[in-house]
Amino acid sequence: MATNEEILADLGEIIEEIAGVAAADVTPEKSFVDDLDIDSLSLVEIVVQAEDKFGVKIPDDEMANTVNDAVRYIAANQS
Amino acid sequence: MNGGPAMSGAARTVVVTGYGAVTPLGHTVDDTWAAMLAGRSGIDILDGVDVTGLGVRIGGQVRGFDPARYMPAPVRRRTDPYAQYALAAALEACEHAKLVVDEERAPRIAVVIGSGYGPVASLGRAVNTLRDKGARAISPFTPITTAIDSAAGEISMRLGTQGPSRAQSTACASGSDAVGAAVRMIRSGDADTVVAGGADACVTPIDLAGSGNARALSTRNDDPAAACRPFDADRDGFVMSEGAAVLVLEAAETAAARGAPVLAELAGYGASSDAHHWTAPHPQGRGARLAVEAALRDAGVAPGEVDYVNAHGTGTVLNDAVEIAVLRQVLGERVTRIPVSSTKSVTGHMIGAAGAVELVTAIQVLRTGTVPPTVNCHHPIDPEINFVPHEAQTRDGMRVALSNSFGFGGHNAALVVRAAPSAL
C-alpha cells in the first residue's frame, strides 16, 4: 500500500507530465483548478492516469477540490 | 466596435511581411534556404519509422526538432507533429514580421493553415488506444489533437488572434490554397493580416504504403539523395517528406502603418480542379493550366513578365511531363528563357507544406537574385528549358515569380509574387 507521501509524489509526477505544472508545486493544500490552473480536459487525463497508477476508480468529483482530498481518496480506496 | 478597413473601389494590395519554415533541410527559413542553394538533400534513409513490409524506406524527415523550444508541455502533449511544425514556423514568421498582436489588432488578424493529411500519426495512435485500452483511455484532447484544424487553432491561441482561424485541405495544393484564401480574406476586408501557410507530418507507414501502392513514390532506396529527380528522364516518383512554412500576409496599408518590412507583393492566386482522376494529372494538364492562367490574370501579369518558376516538380513521370506542357502552353517561349527549378529535389514532397515552403523560396529568389537548383536533373526531359541543374544560378532583375502546386484529387493552385518595391 502506498503511503500518502508516495501518492502525493506520484500524483505530482502525473500532473507535471500532463499539465506542465512542476511536481514540487503540487502540494496538499492546493486546488487543482484554482491554484494549479489545470483545465478541465487535462484533469480528465490526470484522473485516468491516476486510476491506472493506483488501481483506484476515481470519480471526477474527487478531483474537484484540493490535492489533499484526492490523495486521501486514493489512499482510502487503493486495492 | 472594430470596423473593417475603409474600402475603396480598388482591391487592396497584399504584401508578405514575414515567414518561417521547418523542413528536412532545417528548422528556419535561413537554414532551409542555405541548404537549397547548396543543393544539399534532406532526403535520407528513414529513421524511427517502422518500414516493415514497405517498398519505400526513404523520405524527408524533420530531424532534431525539439518542440519544447517552441511550446509548453501541455501544448506539446496535445499536438501532432504537423501542428508543432506549423506553430514553430508561425512563431518564426511573426518574429520576422515584427507582428505584435494587441487588443486593437487581434480581431483583424486571421489564421489559415493548409494540410493535406493533418495529424495522421496521432489519429493512428488513437485507433490503437481504443482497440488496446478501451474508450476510457481516449484523451479528452483527442478531438483536438486529431483534427485538421488543430494547427490553426493552436496558432490562434498562442498569438491571441481573434479573426477567423481555419484549415484548408486540398492535398498537395493545401499550402498554396491557404495563402490564396488569405489573399482573398485581406482583399475582401475580412482581415487586415493573415498568418497563413501549410504543414504536414505524413512520413508514416500508412502514408508511405498508400502512396507507394499508388506507385507514386520513388523506390530508389539505395541512393536517397538521388531519389527525387524532377524533370530528369530517369525519375521514378516523388519522395514523401514533412514540414511546415507559414507567412504573414497583410494589406499593404496595414504593413505600412506599422512600419513592417515588405518582402514581396502577393500579387495573384488561381485555383482549379482537374475533374479527371484521383492520382493522375489530366493528360493535357487542363486543370493545371486553368490555375496558372487564373493566377497570372489575378496578378495582372503577362506571360512574358514571369522571371522565375518554382515548379510543382514532384519527380513523378506524369506530373513533370504535364507541368512542362502546361508551362509551354501558358508561358509560350518565355519558359525557355527563364529559370524553372524544383526545390522538391532536395526537400522531397512536404504535401500540404510544399506550396508554402515553395512560395517562401520564390520570394527568396526575388529578394536575392539567386535561384536554387534542381538537383539530380542529369537528362532534362525538355532540353530547351533551364531547370537550373545541379547548382544555383544568379540572375539580375527578377521581379515576378510563379509557384505551382498540383495535388491528388486534381486540386490545382498557383501563386504569383512580385518583388517588393524596395528590392527593385
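Worth saying up front: this structure is predicted, and the values here are computed from it rather than measured. (Residues numbered from 1 in each chain as written. Chains lettered and ligands numbered in written order. Predicted model: local features only at pLDDT ≥ 70, side-chain atom pairs only at ≥ 80, totals over all residues. Heavy atoms only, no water.)

Caption draft 1: Molecular detail of the overall build of chain A. In terms of regular secondary structure, chain A is built from three helices and zero strands. For chain A, the sequential pattern of α-helices and β-strands runs α-α-α. Its C-alpha atoms give chain A a radius of gyration of 11 Å, within 12% of the compact-globule value 12 Å for 79 residues. Looking at chain A as a whole, 38% of its 79 residues are labelled buried. (Helix = DSSP H or I, 4+ residues; strand = E, 2+ residues; numbered from the N terminus. Rg over C-alpha atoms; globule rule 2.2 N^0.38 Å. Buried < 20%, exposed > 50% of the residue type's maximum accessible area, 1.4 Å probe, protein only.)

Caption draft 2: Spatial organisation of the sheet that holds strand 9 (residues 308-310) of chain B. Residue and element names in this part refer to chain B. Pairing is mixed across the open sheet formed by 10 strands, whose spatial order is 5-4-6-7-1-8-14-13-9-10. For this open sheet the edge positions go to strand 5 (165-168) and strand 10 (340-341), each flanked by a neighbour on one side alone. The pairing of strand 1 (residues 14-22) with strand 7 (residues 243-251) spans eight bridges and is classified as antiparallel. When the bridges of strand 7 are listed, Gly-20 appears paired with Val-246. Packed onto the sheet, helix 3 (residues 81-97) meets strand 1, strand 4 (109-114), strand 6 (193-200) and strand 7 and runs at close to 135° relative to strand 1. (Pairing = 2+ DSSP bridges. Contact = heavy atoms within 4.5 Å. Axes fitted to C-alpha atoms, helices over the stretch in contact; angles between N-to-C directions.)

Caption draft 3: Here's a closer look at the interface of chain B and chain A. Contacts between chain B and chain A engage nine residues on the former and 15 residues on the latter. For the pair chain B and chain A, the two sides together bury roughly 960 Å², of which 55% comes from carbon and sulfur. For the chain B face of the interface with chain A, the top three residues by lost area are Arg-77, Arg-136 and Phe-141 of chain B, together amounting to 61%. Linking chain B with chain A are three salt bridges, by the criterion used here. A salt bridge links Glu-17 of chain A to Arg-77 of chain B; the shortest N-O distance between them is 3.1 Å. Where chain B packs against chain A, one counts four residue pairs in polar contact (both at pLDDT 80 or more). The biggest single contributor to the side of chain B that touches chain A is helix 2 (residues 73-78) of chain B, with three residues. Here the side of chain B that touches chain A is composed, by residue class, of six nonpolar, one polar and two charged. (Buried area = accessible area lost by both parts, 1.4 Å probe. Salt bridge = Lys/Arg side-chain N within 4 Å of Asp/Glu carboxyl O. Polar contact = N/O pair within 3.5 Å; in protein donor to acceptor, adjacent residues only side chain to side chain. Nonpolar A, V, L, I, M, F, W, Y, C, P; charged D, E, K, R; others polar.)

Caption draft 4: Highlighting the packing of aromatic side chains. All names here are of chain B. Inspection of the entire model under this criterion finds four aromatic pairs over all chains. A ring pair is formed by Phe-65 and Tyr-70, whose centres lie 5.2 Å apart and whose planes are at 10°; its orientation type is stacked. On the accessibility criterion, Phe-65 (15% relative accessible area) is buried. Residue classification places Tyr-70 among the buried residues on the basis of a relative accessible area of 14%. For the ring pair Phe-65 and Tyr-85, a centre distance of 5.1 Å and an interplane angle of 85° mean the geometry is edge-to-face. In this pair, Phe-65 sits in the loop between strand 3 (58-60) and helix 2 while Tyr-85 sits in helix 3, placing the two residues 20 residues apart along the sequence. Comparing Phe-65 with Tyr-85, the two get one shared label, buried. Site record: aromatic cluster; members linked through ring pairs are Phe-65, Tyr-70 and Tyr-85. (Phe/Tyr/Trp six-rings, centres within 6.5 Å; stacked < 30°, edge-to-face > 60°.)

Caption draft 5: Here's a closer look at the pairing of strand 14 (residues 411-419) of chain B. Residues and elements named next belong to chain B. Counting buried positions along strand 14 gives seven out of nine residues, so the element sits mostly inside the fold. As judged from the seven bridges shared by strand 13 (residues 400-406) and strand 14, these two strands associate in the antiparallel manner. Looking across to strand 14, one finds that Leu-402 is bridged to Val-416. Connecting strand 13 to the antiparallel partner strand 14 that follows it, the hairpin turn spans four residues, and Gly-409 within it adopts a positive phi of roughly 85°.

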